[in-house]
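# Chains, contacts and geometry: an overview
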Amino acid sequence: MRRIAVKVDVDTLRGYIKGVPRLLDLFKKHNIRASIFFSFGPDNSGKAIRRIFRPGFISKMRRTKAPSTYGIKTLMYGTLLPAPMIVPQSPDIVKRAFDEGHETGIHAWDHVYVQDCLAKINKDKYTDLYRKAEKLYVEICGRKPDIIAAPGWQLSHDVLSAEEDLGIAWASDVRGYSPFMPVFEGIEYRVPQIPTTLPTMDEIYGLPGINDDTLPKAWFNGMTNEWNVVTVHAEMEGISKLGVLDNFIGMAKDNGTEFFTLGEYAKTAPLPRCEIINGTLEGRAGTLAVQRELNIEE
């Protein structure tokens, strides 16, 4: 039996307004629940140009045809154009996802700022940013959020400690192979991590042999772990690549795959202690948080 959980990251205003409703329609069509993480505050996507000197960033932008995928306006937000607020533009989209039974949580207040400047963000600052998103979430959904997913899979001790103090039930901040309890640079933390296991579309799309027709099978064949997680982005799979995700879900269901949420994984999967390291992944620029089996002898 194969298991898969679909995690949705919402990074931009365009992905939120155009992509999320289409994804919700798709999930309703297939009768599955997803785990959806929203960026609530300003869309500063244009400031991501700071990543231009990271190895692999330019090639990724070319492979994914970023201007058409994200939209020219999005690529100017926060630089040539003012950064618009995301969720306040249409709070009913978050409410719809919540009311339709999906797991909903916080991705960030300011996605680009947290992903690119995490080293400068101490625990108090991170908590303040979280509280801004939390306040808006409570206004919309009527209760506090208790799940989180780090932008760009970027982590620090301050973030992990803040998650504990904020009462987070579980987090999806890392890349890896199975749910676990985190150890980072020798310090144990109490919030379970449910990692993304499959490559994201923007990491592999455009590589030799990977296109709209072949990507669903590549994902399906990659589900070799007991607990599989695919992260999709509202800006890609929610808009121009919605058909690719539709085909993947259909293929998985036709072959007997069971769909779970990340929270269901957190409640039912074993949670061994594993280490978080700063690592790299093919197709992704820069470093990110990666799960590694804990070496007891270290």
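Residues numbered from 1 in each chain as written. Predicted model: local features only at pLDDT ≥ 70, side-chain atom pairs only at ≥ 80, totals over all residues. Heavy atoms only, no water.

### Observations concerning the pattern of salt bridges
- All chains considered together, the criterion is met by 18 salt bridges.
- We note a salt bridge from Glu164 to Arg190, for which the minimum N-O separation is 3.5 Å. Of the two residues, Glu164 is situated in helix H7 (residues 157-165) and Arg190 in the loop between strand S7 (187-188) and helix H8 (201-204); the sequence distance between them amounts to 26 residues.
- Residue Arg175 is joined to Glu203 by a salt bridge in which the shortest nitrogen-to-oxygen separation is 2.7 Å. Within this pair, whereas Arg175 is found in the loop between strand S5 (170-171) and strand S6 (181-184), its partner Glu203 is found in helix H8, the two being separated by 28 residues in sequence. Each member of the pair Arg175 and Glu203 is classed as buried.
- Residues joined by salt bridges that share partners form a network here, namely Asp25, Lys28, Arg96 and Glu100. (Salt bridge = Lys/Arg side-chain N within 4 Å of Asp/Glu carboxyl O. Helix = DSSP H or I, 4+ residues; strand = E, 2+ residues; numbered from the N terminus. Buried < 20%, exposed > 50% of the residue type's maximum accessible area, 1.4 Å probe, protein only.)

### Re helix H4 (residues 92-99)
- Every buried residue of H4 is listed here: Ile93, Val94 and Ala97. With its buried residues spanning 100° around the axis, H4 presents them on a single face. What points out from H4, more than 90 degrees from its buried face, is the exposed set Asp92 and Asp99.
- Immediately downstream of H4, the backbone of Gly101 shows phi near 90°, a positive value. (Arc of directions from axis to C-beta.)

### Considerations on empty space enclosed by the protein
- By the definition in use, this model includes 1 cavity of 30 Å³ or more.
- Empty space within the largest cavity amounts to approximately 70 Å³.
- Lining of the largest cavity is provided by Ile106, His107, Ala108, Trp109, Val114, Tyr126, Leu129, Tyr130, Ile148 and Pro151.
- Where the lining of the largest cavity is concerned, the elements lending two or more residues are strand S3 (103-108) and helix H6 (123-141).
- Residues belonging to the lining of the largest cavity are distributed by class as follows: 9 nonpolar, 1 polar and no charged. (1 Å grid on protein atoms, 1.4 Å probe; cavity = no way out; pocket = protein on both sides within 12 Å on 5 of 7 lines; lining within 4 Å. Points joined across faces, edges and corners; volume = space filled by probe spheres on them. Nonpolar A, V, L, I, M, F, W, Y, C, P; charged D, E, K, R; others polar.)

### Quick look at the packing of helix H1 (residues 13-30) against H4
- In contact at an axis separation of 10 Å, H1 and H4 are set at 15° when each is read in the N-to-C sense. One finds that H1 runs roughly parallel with respect to H4. Both H1 and H4 take part in a crossing whose hand is left-handed. Contact residues: Tyr16, Ile17, Val20, Pro21, Leu24, Asp25 and Lys28 in H1; Ile93, Val94, Arg96 and Ala97 in H4.
- Residues of the contact of H1 with H4, tallied by class, amount to 8 nonpolar, no polar and 3 charged. (Axes fitted to C-alpha atoms, helices over the stretch in contact; angles between N-to-C directions. Parallel < 35°, antiparallel > 145°, perpendicular 65-115°, else oblique. Left-handed = near helix turned anticlockwise from the far one by under 90°. Contact = heavy atoms within 4.5 Å.)

### Digging into the sheet that holds S7
- Read from one edge of the open sheet, 4 strands run S7-S6-S10-S11, paired in mixed fashion. Of all strands in the sheet, those with a lone pairing partner are S7 and strand S11 (288-293), marking the two edges.
- As defined by bridge partners, S6 adjoins strand S10 (residues 273-279) across 4 bridges and the pair is classed as parallel. Residue pairing across strands places Met181 opposite Arg273, the latter belonging to S10. (Pairing = 2+ DSSP bridges.)

### Regarding the packing of aromatic side chains
- Tallying each qualifying case throughout the model produces 7 aromatic pairs.
- Ring plane angle 85° and centroid distance 6.1 Å describe the contact between Phe37 and Trp170, whose orientation is recorded as edge-to-face. Of the two residues, Phe37 is situated in strand S2 (residues 35-39) and Trp170 in strand S5; the sequence distance between them amounts to 133 residues.
- Given a relative accessible area of 6%, Trp170 falls into the buried group.
- Consider the rings of Trp227 and Tyr265, whose centres lie 5.1 Å apart with planes at 80°: the pair is edge-to-face. Taken together, the residues Trp227 in the loop between helix H9 (215-221) and strand S8 (228-233) and Tyr265 in helix H11 (residues 262-268) connect sequence positions 38 residues apart.
- Classification of Trp227 as buried rests on a relative accessible area of 8%.
- Among the residues examined, Tyr265 registers a relative accessible area of 0% and is labelled buried.
- The positively charged end of Arg2 is found above the aromatic ring belonging to Phe220, 4.1 Å away from the centroid.
- Here the guanidinium or amino end of Arg175 rests over the ring plane of Trp153, the centre of that ring lying 4.6 Å away. (Phe/Tyr/Trp six-rings, centres within 6.5 Å; stacked < 30°, edge-to-face > 60°. Lys NZ or Arg CZ within 6 Å of the ring centre and 35° of its normal.)

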